[in-house]
Amino acid sequence: MEPIVSVTGGKIRGRTTAGVSAFLGVPYAAAPVGPARFRLPTLVPDWQGVRDALTHGATCVQTHYPPPIHALIGSDGIPGDEYLNVNVWTPDPGGSGLPVMVWIHGGAFTRGSNARAIYDGAAFARDGVVLVSINYRLGISGFAAVPDAPLNRGLHDQLFALQWVQENIVAFGGDPNRVTIFGESAGGMSVATLMASPLSRGLFRQAIMQSGNGSAAVAVEDARKLAGELATSLGVSPTAADFGELGPDELRGAQDALALALMSDPDPARWGSSIIGNGMGIMGLLPVIDGEVIEGQPVKVLATQPDRAVPLIAGCTAEEFRFFTVPTGIAAGITAETLPFVLTRYGLHPALGNIYGANRPGATAADVFAAIITDRAFRSDTLRIAQSTAAAGAPSYAYEFAWSSGIEGLGACHVLEVPFVFDALAGAQTLTGPNPPQPLADEIHSAWVAFAESGDPGWPRFQENSRLVQIFDSPDSSVVSDPRADELAALRKSVA
């Protein structure tokens, strides 16, 4: 069966399989190529007849992940100009009033797409949710602060896509007043940013923030400095016209060279203190505090603007940073002797190693480092945002994903919860290892569906006086009050 619906631009043809109708690669904005690469998104041109929406659309220009990461999760790269596109899965294109979830992918704002197998929305549609996954501009195209171009183009794309959902989701059986946004990693950071942004009012009702933080926003002057470095390395002027002339290979090469330069020379004088501090010397092309989309670091805005609060699930994995240290070999170079110096490199007091180490008898220095940076990069901000949401009177729910991968050394690492959330374990065994627990996928996927439907995922709210956190694990999950509070307090004191 090939269902046909009308959306902005014209009619599209999808495909129905096992009761789920999928519409893939649907453009929500005009192709951002050439000079348009550095402009705000605009309406997609109308097309004639019925357009097939049967395969995933193009992805923004990017390079493959380094081999150790690529081996775990693969890479993205579908060529084409129309990379501002969405995928939609629905249980009933002819229905009405269904809850809607909009997925924002991760990838450090330089990689990723909505075409990954672990983002397949069929299970959500099977369970009564209209699932939308979006692409947006990445890297130089989306976030380079070129002086004569709008800032935060990638975030403007996200806002434009959410407006497309408001205007078109009824055609897929969805209710525009029942939209939940969710995302992981850079997608989770995007969720925090959208919650805090004054431009997102009315575009969604609820949010789920997975493995994100609320600090991934940098000062304009630092972002301009980084764009100047990029222009110099490319031998062009820092203008939209010159950057718009760059081809895909030049963009990919410049982004890779920038990442290498940041890691080898994390000098705040060269790059700007907010880029080194908020990007932790790993991410450089980040959202910019522009006073329009972003008024300040989201974690701070949400703490001082209670009217921005929406019902929220916020959480992370228990050992996020092992994803970045174990497969890359970084862990092997962290010893008891080098740990204090590595912590100092991240702006942390060396004494933190003693505090975290004392709570982990037998742990290696690399284990301790991963635990500290997991809290620094993910858990601290996540719980601050959950606390701000609760203080504002909106339902707030916190979680931690604690199940360890079957791949040796990864533990409960970054990205690991995603295939469980999407109930898409079949395509994730390079990350999960063989035979990941299906009952755990049933549990967390059902909680996300319940939240989309009713605003209640099925565990107690996070409150200031109890700080209850749902721990997802196998064979048994549990609810814990304020886990590892002593470590988090010591960390926050160290970075205050």
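Residues numbered from 1 in each chain as written. Predicted model: local features only at pLDDT ≥ 70, side-chain atom pairs only at ≥ 80, totals over all residues. Heavy atoms only, no water.

Per an unreviewed UniProt entry, the protein goes by Carboxylic ester hydrolase and derives from Nocardia vinacea.

Another aspect to go through is the overall build of the protein. Summing up its helical and strand segments, the protein has 19 helices and 14 strands in all. For 496 residues, the compact-globule estimate of 2.2 N^0.38 gives 23 Å, and the C-alpha radius of gyration of the protein, at 21 Å, lies within 12% of that figure. Based on the C-alpha atoms only, the size of the protein along its principal axes is roughly 65 × 55 × 45 Å. In the protein, buried positions account for 58% of the 496 residues. Within the protein, counting contacts between residues at least 6 apart in sequence, those at least 24 apart form 76% of the total. Put simply, the protein shows about 17800 Å² of open surface, and 54% of that area lies on carbon and sulfur atoms. Within the protein, the 48 negative side-chain charges are centred at a point lying 3 Å from the centre of the 31 positive side-chain charges. (Helix = DSSP H or I, 4+ residues; strand = E, 2+ residues; numbered from the N terminus. Rg over C-alpha atoms; globule rule 2.2 N^0.38 Å. Buried < 20%, exposed > 50% of the residue type's maximum accessible area, 1.4 Å probe, protein only. Contact = heavy atoms within 4.5 Å. Areas by Shrake-Rupley, 256 points an atom, 1.4 Å probe, with all protein chains shown as cover. Lys, Arg positive; Asp, Glu negative; His and termini not counted. Charge placed at Lys NZ, Arg CZ, Asp CG, Glu CD.)

Here we take up the sheet that holds strand S8 (residues 130-134). Read across the sheet, 11 strands follow the order S3-S4-S6-S8-S7-S9-S10-S11-S12-S13-S14 without closing on themselves; strand pairing throughout is mixed. Each edge of the open sheet is held by one strand with a lone partner, namely strand S3 (15-17) and strand S14 (478-481). Within the sheet, the average angular offset between the axes of one strand and its neighbour, ignoring direction, is 20 degrees. The pairing of strand S13 (residues 468-472) with S14 spans 4 bridges and is antiparallel. Looking at S14, one finds that Ile471 is bridged to Ser478. (Pairing = 2+ DSSP bridges. Axes fitted to C-alpha atoms, helices over the stretch in contact; angles between N-to-C directions.)

This part is about the sheet that holds strand S1 (residues 4-7). One open sheet holds the 3 strands; their spatial order is S1-S2-S5, and the pairing between them is mixed. In the strand order of this sheet, the two ends are held by S1 and strand S5 (50-52), each with one partner. For this sheet the average axis-to-axis angle between neighbouring strands, irrespective of direction, equals 35 degrees. Of the pairings in the sheet, the one linking S1 to strand S2 (residues 10-13) comprises 4 bridges and is antiparallel in character. Opposite Val5, over in S2, you have Ile12 as the bridge partner.

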